[in-house]
Structures are given as C-alpha cells and as structure tokens.
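Residue-level structural notes
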Amino acid sequence: MSKKTLIIGAGGVGNVVAFKCAMNSETFGEITLASRTLSKCEAIAANIKSKIGIQINTAAVDADSVSELTSLIQKTAADIVINVALPYQDLSIMDACTQTGVDYLDTANYEHPDTAKFEYKEQWARDEAFKEAGIMGLLGSGFDPGATNVFCAYAQKHYFDEIHTIDILDCNAGDHGYPFATNFNPEINLREVSAKGRYWQKNDNGQGEWIETEPMEIMQVWDYPEVGPKDSYLLYHEEMESLVKHIKGLKRIRFFMTFGQSYLTHMKCLENVGMLGIKEVEHKGMKIVPMEFLATLLPDPASLGPRTKGLTNIGIFAKGLKDGKERSIYIYQVANHEECYAEVLSQGVSYTTGVPAMIGAKLMLEGKWSGQGVFNIEQLDPDPFMEELNKQGLPWKVMELGADETRVIG
Ligand code: NDP
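Here, residues in each chain are numbered from 1, in the same order as that chain's written sequence. Note on the predicted model: pLDDT of at least 70 is required for a residue's local features to be given, and 80 or more for side-chain atom pairs to be given and counted; whole-chain, interface and lining totals, by contrast, use all residues. Think of the side-chain values as coming from all heavy atoms in the structure, minus any hydrogens and water.

Quick word on the packing of aromatic side chains
In this analysis, rings of Phe, Tyr and Trp, with Trp reduced to its six-membered ring, are considered paired at centre separations within 6.5 Å, and the interplanar angle assigns stacked below 30 degrees, edge-to-face beyond 60, and tilted for intermediate values. Scanning the entire structure with this criterion turns up 14 aromatic pairs. Ring centres of Phe180 and Tyr263 lie 5.1 Å apart, and the angle between their planes is 40°; on these two criteria the pair is classed as tilted. Of the two residues, Phe180 sits in the loop between β7 (162-172) and α9 (186-194) while Tyr263 sits in helix α11 (residues 261-272), which places them 83 residues apart along the sequence. Neither residue differs from the other here; Phe180 and Tyr263 are each classed as buried. Between the aromatic rings of Trp369 and Phe385, the centroid separation amounts to 5.6 Å while the plane-to-plane angle is 5°, which identifies the pairing as stacked. Of this pair, Trp369 sits in the loop between α14 (348-365) and β17 (373-376) while Phe385 sits in helix α15 (residues 382-391), and the two are 16 residues apart along the sequence. One exposure class covers both Trp369 and Phe385, and it is buried. The rings of Trp222, Tyr224, Phe317, Tyr330 and Tyr332 are connected pair by pair, giving a single aromatic cluster. Per the convention used, a helix needs a DSSP run of H or I reaching at least four residues, while a strand needs a run of E reaching at least two, with both numbered from the N terminus. Think of it in three bands: with a 1.4 Å probe and only protein chains considered, a residue is buried below 20% of the maximum accessible area for its type, exposed above 50%, and partly exposed in between.

Focus: the pattern of salt bridges
The salt bridge definition used is simple: a Lys or Arg side-chain nitrogen within 4 Å of an Asp or Glu carboxyl oxygen. Enumeration according to the criterion identifies 20 salt bridges in this entry. Of the charged contacts, one joins Lys20 and Glu343 as a salt bridge, the two residues approaching to 2.4 Å between their closest N and O atoms. With Lys20 in helix α1 (residues 12-23) and Glu343 in helix α13 (residues 337-344), this residue pair connects regions lying 323 residues apart in the sequence. Between Glu111 and Arg191 there is a salt bridge whose closest N-O contact spans 2.8 Å. Here Arg191 lies in helix α9 and Glu111 lies in the loop between β5 (103-106) and α6 (121-124), a separation of 80 residues in the sequence. Judged by relative accessible area, Glu111 falls into the buried class, the value being 3%. On the basis of relative accessible area, Arg191 is assigned to the buried category, the value being 5%. Through salt bridges with shared partners, one network takes in Lys362, Glu366, Lys368 and Glu388.

Thoughts on the layout of surface pockets
Cavity: a set of points on a 1 Å grid over the protein atoms alone where a 1.4 Å probe fits but cannot get out. Pocket: an open set with protein on both sides within 12 Å along at least five of seven lines, its lining residues, like those of a cavity, having an atom within 4 Å of a point. Grid points are joined across faces, edges and corners, and a volume is the space filled by probe spheres set on the points. The calculated volume of the second largest pocket comes to roughly 270 Å³. Every residue lining the second largest pocket is counted, 15 residues in all, and those nearest its centre are Ala116, Arg191, Ser194, Ala195 and Lys196. Sorting the residues of the lining of the second largest pocket by element identifies α9 and β8 (197-202) as the ones contributing at least two each. For the lining of the second largest pocket, a count of residues per class yields 6 nonpolar, 3 polar and 6 charged. Gly falls in the polar group here, along with every residue not listed as nonpolar (Ala, Val, Leu, Ile, Met, Phe, Trp, Tyr, Cys, Pro) or charged (Asp, Glu, Lys, Arg).

Let's talk about the site of the ligand
The criterion for a residue being near a molecule or strand is simple. One of its heavy atoms has to lie within 4 Å of it. Not every one of the 28 residues close to the ligand is listed here, only the nearest: Arg36, Thr37, Lys40, Ala63 and Asn185. Identification of polar contacts relies on pairs of N or O atoms within 3.5 Å, with a donor-acceptor requirement for protein atoms, meaning one able to donate a hydrogen and the other able to accept it, and with residues adjacent in sequence counted only if both atoms are side-chain atoms. One of the side-chain nitrogen or oxygen atoms of Arg36 is found 2.6 Å away from an oxygen atom of the ligand. Separating an oxygen atom of the ligand from a side-chain N or O atom of Asn185 is a distance of 2.8 Å. What sets the accessible areas is the Shrake-Rupley method with a 1.4 Å probe; for residues, cover comes only from the shown protein chains. When the ligand sits alone it has 930 Å² of accessible area, and the protein chains cover 92% of it. Here the residues of the shell around the ligand sort into 13 nonpolar, 10 polar and 5 charged.

Side note on unusual backbone geometry
Backbone torsion omega between Asp144 and Pro145 reads 10°, so that peptide bond is classified as cis. Although it is not a glycine, Met216 sits at a positive phi angle of roughly 60°. Note on placement: Met216 falls in the loop between β9 (208-213) and β10 (219-224). Unlike most non-glycine residues, Glu226 shows phi in positive territory, near 70°. On the secondary structure map, Glu226 appears in the loop between β10 and β11 (228-235). Owing to a relative accessible area of 48%, Glu226 belongs among the partly exposed residues under this scheme.

Right, here's the structure in full:
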C-alpha cells in the first residue's frame, strides 16, 4: 500500500526535504508539507511541480499545539512525520506522534525558547512512550548531527577496533556576498555560536568529563581537502552527547566549525550591544526579544540560495586502533552551493541537512531501519545510509592518513 509522508516546517531545510521526498516518491507516496505559514508551503509545492512535475499537498499547522498536530497527522494518515520546523517544536511533535502511533524523525535536539541547553535529555525521556506506542523516533538525521554520526558509526564498523579520538570538522567555505548573514535559522545559529565551547575527554581515572571553554577560545587551522586551510573554532555541538555513549573506546571528542573574521567581528559587536539576548526587553511599551528582532533584520537564509558560491566540507577525523596498529582517517563530504541550488533551489547548508533527513525517513519507510523507542542515528546500521548518500547527491570519501598525520597546519 502506498505510503503517506508528513513534513513539518517550510524553511530552507523543509524545501530540500520536500524536493528530495518528491524525487523519491515511489517510497514517500503522498507527501504533505505543513508549516505555520501556508503560503511558504504553497510556494515550495509550486516549485516542485514546475521543476520535477510532482504534486505535493500543503497545510497550515501550529506545531506548538499537540492537538492541531494530531488532527493533521490523522487527516493525512501519515506513516512518518519529518520534523524540520525549529528545535522548539520537537517535543510537541514527538508527543503528537506517540498519541497517533506514527514514526518520527528530526534534525536538531529540543530547545526551550528561553534557555539554550543543546541536550537530548527531554527527547530521550520519551523513549518509554515511543516503545509503548510501538513507534520509532530517529533523532538528529541532518548533516551534523546526522551524517557525521553515521560517519563515526561507519568508521567504527569498517575501519577500527577502537576509536580513541574524533574531531568533527564543519567547514562552510561558501560566500553569499552579504557582510553578515546566517546560513540557517539565525536564532538557532547565533545561539549555538555565541555559547561557551565544550568538549569531552576521559581523565586519568578513565572517567569522561566535559571541559568548558570560552566562546571561540580554541582555534586550529585545518586543511580541508578540496577547500584548503580554514580557521576552525571549537564549539559545543549536540551530537557529541550521544556519540560519547555509542562509540567504543572513545577518549576524546571535539567539534570545530569554520568562521571568517568578518562573521566573528559582526557577531562580537552584536553580542556586545545585547542583540543576541534571548530574554524579552521593553522597547517603547512593547516587549521584544533582541535575538528575534535581529533575525527579522537579517537576510532570510532561504534567500541566500541564488547568491551563494563555493563549497562545504564536513567530516570526521578519527584516530584509533585496527589489528593492534594505530590508524587515522578523515571521512568527509564536499558539497557545492551552486549545484545544490541548481537541483532544488536551496544553498548547500540546507541541502546537506535536508538530504540526510530524507534518507533517514526513506530507510525507516522501507523497513531497512526499524525499532521501537527513541534512537540517535549512530545506533543504526550505517551501511544503507552511506549508500544512499552516494545516490542522493552527497557523495563522500575516506582519506587514509599516516598514524601520526593530521591536517592541522596552524
Ligand atoms: P527556517 O527558519 O528556515 O525554517 C523553519 C520553518 O519552521 C519555518 O518555515 C517556520 O515557519 C516553521 N515553524 C517555526 N515555528 C513553527 C510552528 N510553531 N509551527 C509550524 N511551523 C513552524 O529553519 P531551517 O529550515 O534552516 O532549519 C530547520 C531545522 O533544521 C531547524 O531545527 C534547524 O536547527 C535544523 N538544522 C539542522 C542541521 C543539521 O545538520 N542537523 C543544520 C541546519 C539546520 P514560518 O516560515 O512561518 O516562520
């Protein structure tokens, strides 16, 4: 019987997911794209129709309301809900899935609008409810988290007996021509980047501990294949929380992201004047949240697509042991912003997030990934996902390095 798919969120990532599901409509069947603003869904549906000739349905929904969500899920008779709204909606959408008995997938961990915590606690707490409902929840099926976690699982399965250290490296060498803009939702992006850094390592007693750093305190220059050397700053990133649980023998894991000087100078200045605040302030008798106001002023990430040129290179640098010998590898994917836009009318950051979201959902609908409860993506068999990345527009490579070699050049 033909499947039915409900996608929630019609932003940059939602556009890519809708396009890619439509391109794989033999798996996704009847597709509905729902979001807060119906006109955004309709615009995406019209683009899909004119570019690839597939008709998808659209709907308006407030994804903060569990009752609105359950009615929509029942009305569409969805077999899976792909959540690419904002992290604030994760819990309400998960709860609507347990109430209706429908599988769930997202790309970012839950965040409360007033406090940025970047943790899975509240989503993992729903594991029992998912088991009771007999459904599967797949967390973090974007690129990072997402493909990077799968790269770690793939390295663990095929390249190592034990992985000792992992550096996740996220390079966006694209240029959109604006002095300052964010490649995905500005609130989520700026919260992540302005927060303190954190990495995990085992201490001398073999206990894992999180080491906190000041924002942007640790920088290394990493030589990204096909892109070249880029300043890469240590940040906290949510996938580390699940990877420390699931990768055998791990002694340290860190996450680095590239930033240009212009981006950092703008961000520091905005932070210094209070524009990154997430608490309400009073302005001429009105309450405003500075970060939300800033997001209104900044270019819509979806509008960056036609302007962005250059490459992304995201990968994992893993070191460990295989057959008693030291080994180092870099598994990575390079995407080209202009090629992404030509295919689905979105720049590379939305593309590299939306394609893995579609792939996770495809594997669930096809029964290649199954289970009851809430899973992080590295808990599933990496092989079918890696195969799909190659087929669906995100081909990857493995670079074998000498045991002591790195690509850090400064
Ligand atoms: P956008 O801001 O472009 O889009 C978010 C969409 O969600 C908008 O269409 C918005 O509606 C909709 N939305 C927001 N609130 C609600 C609500 N209450 N009810 C219904 N719809 C709502 O974000 P992106 O597309 O860039 O990002 C989508 C998700 O992907 C985010 O969770 C982000 O954190 C995640 N992400 C994950 C990455 C990864 O690699 N794992 C990388 C990049 C992003 P409206 O248009 O009306 O505002």
